[in-house]
Amino acid sequence: MSPPALRIRCARQAMAARSLPFSPLIAARPQKEFEMPTAGPFGAAVKRVEDPRFLVGQTSFVEGMVLPNMLSVAFLRSPYAHAKIRSIDVSKALALPGVVRVLTGEEAIKRCKPIRVEWKESKFEVDFKPCDYPAIAVERTRHVGEIVAAVVAENRYLAEDGVELIEVEWEPLPAVVDPEKALEKGGTLVHEEWGDNVMLHSHIRGGDVEGAFRQADVVVKGRFAMNRHCAAPMEGRAVVANYDAAQNGMTVWTSTQMPHMVRTKIAEALDYPEHRIRVIGPDVGGGFGLKCHIFPEELALSLLTLDVKRPLKWVEDRRENLYGSYHAKDDICYAELAVKNDGTILGLKTKFIGDVGAYTSYPWTPSFEPLQAAMAVPGPYKIHHVHCEALAVATNKTTSSVYRGVGLPAAQYTMEHILDLAAAKIGMDPAEIRRKNIMKSSDFPVTSVTGLYYDSATPLESLDMALEMIKYPEFRKEQEAARKQGKYLGIGISAMIEMTTFGFEYWRAAGLKSVTGYDSAHLRVDPNGGVTLTVGTFNHGQGHPTAYAQLVADGIGCKIEDVTFIQGDTQMTPYGWGTWGSRSAVAGGGAVIKASEKIREKMFRVAANLMEVSAQDLELKDGKVQVKGVPGKSMTIREVAQATVYTADVPDDDEPGLEASYYYKAPTPYANSTHIAVVEVDPETGYTKILRYVVTEDCGRMINPMIVDGQIAGGVAQGIGQAMFEHHQFDESGQILTTSLMDYLIPSCADVPPMQFGHLETPCPISVGGIKGMGEGGAVAPPPAIANAIADALAPLAGWKPIGRLPMSPEVVRRQIA
Amino acid sequence: MKPPAFDYVCARSLDEAIDALGRRPGEAKILAGGQSLTPMLNFRLAHPGMLVDINRIPGIDAIRDDDGGVRIGTLARHRAIEVSDSIRKKFPILTAAAAHVGHLAIRNRGTFGGSIAHADPAAEWPMLALLLDAQIEAKGPQGARTIPAREFFTTFLTTALGDAEILTEVKLPALPAKTGWGFEELSRRPGDFALAAVAAIVTLDGKTIKDARISMGGVGGTPLRAPGAEALLRGKPADAALFEQAGKKAAEESDPSNDVHATADYRRHLVSVLTRRALTSAAEKAAQG
């Protein structure tokens, strides 16, 4: 099936339809030809309206909430990776003055259904096994940090004292820690009902990979072990739950990215009416994917507030955050790349083994990590023959789930690092081998060999721009001169194509019924022209209050400061899916644009009626509805609003009021970027300093370039964390060794270099407004750019050697040559 | 992450503090800057029955000149040492090392005496006290005494101080003329505890090394001197090959262990590199001065 021809106006690059070699796994819904919005605040680098409030501390984080009679909750967590709970004695804890209630798994499971994801039908070739994930462990714990009991007390100090007084008789069981050993037959099983430890197994095949490998001049192979790490947001998770007798219901404030989903799942788990639960996401101090789940703590507090009829608070401490919330990105990647001596890539075989920990997170399941890696690994290159295998393997470790990039970092590292290995093997420059194989704008749209529909992108143009910005040929001379003085400089390139938004068709194809790819916006204009915007997405640092206001201002002619932004309160906002997967600019922004269009159309009808002209003759200009070409004949936005909402001077067949909603089934656009790092390595110690860092990015039409730059910079900082610092480590018994920020290292400002950004702007042909997502690429591309740079720097000492494990600590780097 | 309950005494004099400590032997802990103790309390790794706060005791935070050397009061904050002119003049190695002590916020609160009494083998002040042959003064129920740095650090996080004894002041004796210093530390990130750190001082007589001292941090249960490497250097002309050799010897004398940040082998390798670099830098400065 070939998608029909797509045409847009105002495109900087013409997008010609072409015949597609592969059938798309995920159908594209071509957008109707659309008008590019007028030159207004859409695209302006305006400062974020929400920042001053945060900078002076006028915030509403859960931690700051105080309600009368509020109690505190602390959790007893499993000290063992795998153990049977023979008995629990809570009597001493209950006897402690100030302790109000203790909840164990045996009681909780009777009133709170376990978290569970079913995944039966899919257009992807997946074999998935579900498991029950109780809010509080019943009879057995499967990782260190799993909740064993909840203690409710007058304050957190007493609650933690109560936790220390609970007596558990444990029977430690052998733990499965190494994911490759977990695949061997006859070992310990994390979930006995599975019969093995494989949560998901998938194959993605395209072309004739064996045939392609037979034609190869050179085949290079690699094994790359990614580092288990975690999002570590500055604010951990936090919940306040309050049974409110006046409402005969409960309100749950939670530090989440998906408040509506949280409400739906609390209702289902507790069998409590959804309309009597109000979930509010207040200010959230970082999420990065960690907070787009329903968590056991949210269920436990909801259950407990119904019992004690008092407000309850739990704020995750850093230790809980590091071992009791979710980990991510723990993949072992095997890859083989077949190339010709001229650098042409012929075929690719990969196998991603994701160590996904103990349980299935809701709604994603942890298996999207290796699955996405397998789908995305060919990247922006013309590769026609692949076999990509994905395995999600359960172990007795903290549950692993989605974190900025989901699977893409493993794919990116594998592809970009093995490409440099191939280049080294055939004696070709890394920039040259990329230029030889990378797609250019006129190659799009195209369906990738793994079945992804790439709507539009500029990989070659972006690569060339980045090479230009870093002054690639000049650097090679500088590098040569430095080597003569005993200084080891290196350069590394990482080119990527970034799947964004994960829209409606994506989830329909995936068949995972726990999540859907639309989002919503509702606009209401008041008599004085002020606008209230409520949305189903959830800003937690992405700048939606500003970016969406720019879209509204562009669509209806008001000012940015006329827009009041409301999100995250399930009682006040339309149902939506929150913010994750680089989706909000496209899904939320598209809904905002379409709702604004409805408002504009009605404003035109009302104004046309009052000015006695045809609505077709009207335009928005300088904050007014005016007759085209007749500047004097106009009404201000405020006048139109007054007439529509206050005095009801509307056409006879129209209704008063100025409101509109839109629920947008979002597409799945692809952004692209190139990262280049220049490093200096001290070969004696392995210490690596990043000297320069360049990113060129094409995310379609930018709503606000300043926010785009900020997203890239923050992402690169996290990418550097993955590349060089962050690593959750466990001993052979499954005991976690990294439970403080002294041992789990996140980069500080001193570890992140200044960056330079370049932008291309190819309007997306399949999204409203020509917008693409771009929230994750910044975090995905850095590790191979840095690895390639380090390998390049050290090449004169021991030949070009791939770096087989992350993070690239000084010791790992030193061992490349010693 | 909240501490368990404890009693709290705010002492107004050293005698009052010593008295309070003596009333709960083995159970009371001194609270100075709190930069190590507070996290240990919050992690519930320490369960002291009582904290004796010495922050309000007047006069124990002074940095004073003394007979060519300096005396540093126990409550002197890291930051005070970092910006002290007197220390910059007499012991610039301390000024350089201060930049490696945690971060600015930590340096504003954490204390010199607290760091030495806590005796983290990877911390800067214990290894420099050992390098500079500091005289550590303590006061307890039996009165005052002076403990040489070499006898002070007994084992991991353990010192020669008694239960009710308080470290009161540290005396750093004057350095001879023609003495230069080198300080080399590598940590995963700026401000982290050292993977390995080496401090060296070299005293020259012409081109000959009259005396050399080497102290190593983060590579043993306590900060360590490298007596074999020091002996190797004494009386020999300062040159690159000798420093290389001394580095290897110091590495042999170190006793590092594995942790999540690095293996013992790598740390030992770092000792050899850092010792060579510290000695080279120290000899250059000695030749200039």
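Residues numbered from 1 in each chain as written. Chains lettered and ligands numbered in written order. Predicted model: local features only at pLDDT ≥ 70, side-chain atom pairs only at ≥ 80, totals over all residues. Heavy atoms only, no water.

### So, the overall build of chain A
Point 1. For chain A, the count of helices and strands is 22 helices and 29 strands.
Point 2. Since a compact globule built from 818 residues should have a radius of gyration of about 28 Å, the 27 Å found for chain A is in line with a globular shape.
Point 3. For chain A, the spread of C-alpha atoms along the three principal axes comes to 85 × 75 × 50 Å.
Point 4. Relative to its 818 residues, chain A shows a buried fraction of 65%.
Point 5. Sequence-distant contacts, at least 24 apart, represent 80% of the contacts inside chain A between residues at least 6 apart.
Point 6. For chain A, the computed accessible surface area is about 28900 Å², with 50% contributed by carbon and sulfur atoms.
Point 7. Separation between the mean location of the 84 positive side-chain charges and that of the 98 negative ones in chain A comes to 3 Å. (Helix = DSSP H or I, 4+ residues; strand = E, 2+ residues; numbered from the N terminus. Rg over C-alpha atoms; globule rule 2.2 N^0.38 Å. Buried < 20%, exposed > 50% of the residue type's maximum accessible area, 1.4 Å probe, protein only. Contact = heavy atoms within 4.5 Å. Areas by Shrake-Rupley, 256 points an atom, 1.4 Å probe, with all protein chains shown as cover. Lys, Arg positive; Asp, Glu negative; His and termini not counted. Charge placed at Lys NZ, Arg CZ, Asp CG, Glu CD.)

### What about the pattern of salt bridges?
Point 1. Tallied over the full model, the rule gives 75 salt bridges over all chains.
Point 2. The partner of aspartate 307 of chain A in a salt bridge is arginine 111 of chain A, with the nearest N and O atoms 2.5 Å apart. Separated by 196 residues along the polypeptide, aspartate 307 of chain A in helix 8 (residues 296-308) and arginine 111 of chain A in helix 3 (residues 105-111) bring together distant segments of the chain.
Point 3. Relative accessible area serves as the criterion here: at 33%, arginine 111 of chain A is assigned to the partly exposed category.
Point 4. It is possible to trace a salt-bridge network through shared partners that takes in Arg77, Arg156, Glu160, Asp161, Glu164, Arg237, Glu297, Glu316, Asp317 and Glu320 of chain A together with Arg44 of chain B. (Salt bridge = Lys/Arg side-chain N within 4 Å of Asp/Glu carboxyl O.)

### Some details on the domain arrangement of chain B
Interface size is commonly expressed as the accessible area that is lost once the parts come together.
All names here are of chain B.
Point 1. Per the domain assignment, the segments of chain B are domain 1 (7-53), domain 2 (63-172) and domain 3 (180-288).
Point 2. Measuring from the centre of the C-alpha atoms in domain 2 to the corresponding centre in domain 3 gives 20 Å.
Point 3. If you look at the interface, domain 2 gives 25 residues, while domain 3 gives 25 residues.
Point 4. Approximately 2000 Å² of surface area, both sides summed, lies buried where domain 2 meets domain 3, with 68% of it carried by carbon and sulfur atoms.
Point 5. Summed over the three residues of domain 2 that lose the most area to domain 3, namely Pro121, Met127 and Leu131, the buried surface amounts to 31% of that side.
Point 6. Taking the shortest distance from any N to any O, the salt bridge between aspartate 133 and arginine 213 comes out at 3.3 Å.
Point 7. If you look at where domain 2 meets domain 3, you find seven residue pairs in polar contact (both at pLDDT 80 or more).
Point 8. Every element with two or more residues in the side of domain 2 that touches domain 3 is listed here: helix 5 (92-98), helix 8 (124-131) and strand 8 (153-155).
Point 9. Top element by residues in the side of domain 2 that touches domain 3 is helix 8. It accounts for six residues.
Point 10. Counted by class, the side of domain 2 that touches domain 3 contains 16 nonpolar, five polar and four charged residues. (Domains from an automatic or database assignment. Buried area = accessible area lost by both parts, 1.4 Å probe. Polar contact = N/O pair within 3.5 Å; in protein donor to acceptor, adjacent residues only side chain to side chain. Nonpolar A, V, L, I, M, F, W, Y, C, P; charged D, E, K, R; others polar.)

### With respect to the interface of chain B and chain A
Point 1. With 26 residues of chain B at the contact, the number on the chain A side is 32 residues.
Point 2. Taken together, the two surfaces of chain B and chain A that pack against each other cover about 2500 Å², and 52% of this comes from carbon and sulfur.
Point 3. Three residues stand out in chain B for area buried against chain A, namely Met1, Arg188 and Arg189 of chain B, and they jointly supply 27% of the buried area on that side.
Point 4. Run the count over chain B and chain A and you get six salt bridges.
Point 5. The salt bridge partner of glutamate 160 of chain A is arginine 44 of chain B, with a shortest N-O separation of 3.7 Å.
Point 6. Where chain B meets chain A, there are 21 residue pairs in polar contact (both at pLDDT 80 or more).
Point 7. Broken down by element, the side of chain B that touches chain A gets its largest block of residues, seven residues, from helix 12 (residues 264-288) of chain B.
Point 8. In terms of residue class, the side of chain B that touches chain A is made up of 13 nonpolar, five polar and eight charged.

### Some points on the side chain of histidine 82 of chain A
Residues and elements named next belong to chain A.
Point 1. Relative to the helices and strands, histidine 82 is located in the loop between strand 1 (71-77) and strand 2 (83-89).
Point 2. Since its relative accessible area comes to 4%, histidine 82 is described here as buried.
Point 3. In this structure histidine 82 touches Arg140, Thr141, Pro172, Leu173, Pro174, Ala175, Thr188, Leu189 and Asn396, once residues within four positions along its chain are discounted.

### Quick look at the sheet that holds strand 4 (residues 63-66) of chain B
Either a parallel or an antiparallel arrangement is found when strands of a sheet pair, and the pairing is made through backbone hydrogen bonds.
Residue and element names in this part refer to chain B.
Point 1. Here five strands make up an open sheet; going across it, the order is 4-5-10-6-7 and the pairing antiparallel. Two strands lie at the open edges of the sheet, namely strand 4 and strand 7 (143-148), each paired on one side alone. In this sheet, neighbouring strand axes are inclined to one another by 25° on average, regardless of whether the strands run parallel or antiparallel.
Point 2. Here strand 6 (residues 135-140) runs beside strand 7; their pairing, made up of six bridges, is antiparallel. Counted as the bridge partner of alanine 138 is arginine 145 from strand 7.
Point 3. Where helix 1 (residues 14-23) meets the sheet, it contacts strand 6 and strand 10 (166-172), and its direction lies at approximately 130° from that of strand 10. (Pairing = 2+ DSSP bridges. Axes fitted to C-alpha atoms, helices over the stretch in contact; angles between N-to-C directions.)

### Considerations on the environment of serine 122 of chain A
Residue and element names in this part refer to chain A.
Point 1. Position of serine 122 among the secondary structure elements: in the loop between helix 3 and strand 4 (126-128).
Point 2. Sequence spacing of serine 122 and tryptophan 507 is 385 residues, and the spatial spacing of their C-alpha atoms is 9.3 Å.
Point 3. With sequence-adjacent residues up to four places away left out, serine 122 is seen in contact with Ala509, Ala510 and Gly511.
Point 4. Among the polar contacts listed, one links the side chain of serine 122 to the backbone oxygen of alanine 510, at a separation of 2.6 Å.

### Structural notes on the state of the cysteines
Linking two cysteines covalently via their sulfur atoms produces the bond known as a disulfide.
Point 1. Evaluation of the coordinates by the stated rule reveals zero disulfides over all chains.
Point 2. Unpaired in this structure, cysteine 112 of chain A has its nearest cysteine sulfur neighbour in cysteine 131 of chain A, at a distance of 15 Å. (Disulfide = S-S within 2.5 Å.)

### Let's talk about the domain arrangement of chain A
All names here are of chain A.
Point 1. When cut into domains, chain A gives domain 1 (14-36 + 326-504 + 667-814), domain 2 (62-173 + 231-323) and domain 3 (518-665).
Point 2. Between domain 2 and domain 3, the C-alpha centre-to-centre distance is 39 Å.
Point 3. Taking both partners together, domain 2 and domain 3 bury about 1400 Å²; carbon and sulfur atoms supply 54% of that area.
Point 4. Counting the surface domain 2 buries against domain 3, the share from its top three residues, Gln257, His260 and Arg278, is 44%.
Point 5. If you look at where domain 2 meets domain 3, you find one salt bridge.
Point 6. In this structure, the connection of domain 2 to domain 3 is made through nine residue pairs in polar contact (both at pLDDT 80 or more).

### Points about the environment of leucine 745 of chain A
Point 1. Mapped onto the secondary structure, leucine 745 of chain A falls in the loop between helix 19 (705-725) and strand 29 (756-760).
Point 2. The exposure class of leucine 745 of chain A is buried, given its relative accessible area of 1%.
Point 3. Taking the C-alpha atoms as reference points, leucine 745 of chain A and valine 406 of chain A, 339 residues apart in sequence, are found 20 Å from one another.
Point 4. Setting aside residues no more than four positions away along its own chain, leucine 745 of chain A makes contact with Phe725 and Glu726 of chain A together with Arg188, Arg189, Asp192 and His261 of chain B.

### Overview of the environment of alanine 182 of chain A
Residue and element names in this part refer to chain A.
Point 1. Relative to the helices and strands, alanine 182 is located in helix 5 (residues 179-182).
Point 2. In this structure, the C-alpha to C-alpha distance between alanine 182 and aspartate 196, residues 14 residues apart in sequence, is 8.1 Å.
Point 3. For alanine 182, the contacting residues outside a window of four places in its chain are Val176, Asn197, Val393, Ala394 and Thr395.

### A few points about the packing of helix 11 (residues 240-253) of chain B against helix 12 of chain B
All names here are of chain B.
Point 1. Two elements in contact, helix 11 and helix 12, have axes whose closest approach is 7 Å; the angle formed by their N-to-C orientations is 140°. With respect to each other, helix 11 and helix 12 are oriented oblique. Classified by chirality, the crossing of helix 12 by helix 11 is right-handed. Residue-level inspection shows Phe243, Glu244, Ala246, Gly247, Lys248, Ala250 and Ala251 of helix 11 in contact with helix 12, the latter providing Arg268, Val271, Ser272, Thr275, Arg276, Leu279, Thr280 and Ala283.
Point 2. In terms of residue class, the contact of helix 11 with helix 12 is made up of seven nonpolar, four polar and four charged. (Parallel < 35°, antiparallel > 145°, perpendicular 65-115°, else oblique. Left-handed = near helix turned anticlockwise from the far one by under 90°.)

### Quick word on the packing of aromatic side chains
The geometry of an aromatic ring pair is captured by the separation of the ring centres together with the interplanar angle, meaning the angle of the planes.
Point 1. Taken as a whole and judged by the stated rule, the model has 25 aromatic pairs over all chains.
Point 2. Relative to tyrosine 506 of chain A, the ring of phenylalanine 368 of chain A lies with its centre 6.5 Å away and its plane at 50°, an arrangement referred to as tilted. Linking phenylalanine 368 of chain A in helix 10 (residues 368-376) with tyrosine 506 of chain A in helix 15 (residues 504-510), this pair joins segments that are 138 residues apart in sequence. For the residue pair phenylalanine 368 of chain A and tyrosine 506 of chain A, the accessibility class agrees, reading buried in each case.
Point 3. Seen in terms of ring centroids, phenylalanine 502 of chain A and tyrosine 506 of chain A are 5.2 Å apart; in terms of plane orientation they differ by 80°. Their pairing is edge-to-face. Here the two residues phenylalanine 502 of chain A and tyrosine 506 of chain A agree in accessibility, since each one is buried.
Point 4. Each member of the aromatic cluster is reached from another via a ring pair, and the members are Trp119, Phe124, Phe128, Trp364, Phe368, Phe502, Tyr506, Trp507 and Trp580 of chain A.
Point 5. Of note, arginine 53 of chain A hangs over the ring of phenylalanine 54 of chain A, and the distance from its end group to the ring centre comes to 4.5 Å.
Point 6. The positively charged end of lysine 285 of chain B is found above the aromatic ring belonging to tryptophan 181 of chain B, 3.9 Å away from the centroid. (Phe/Tyr/Trp six-rings, centres within 6.5 Å; stacked < 30°, edge-to-face > 60°. Lys NZ or Arg CZ within 6 Å of the ring centre and 35° of its normal.)

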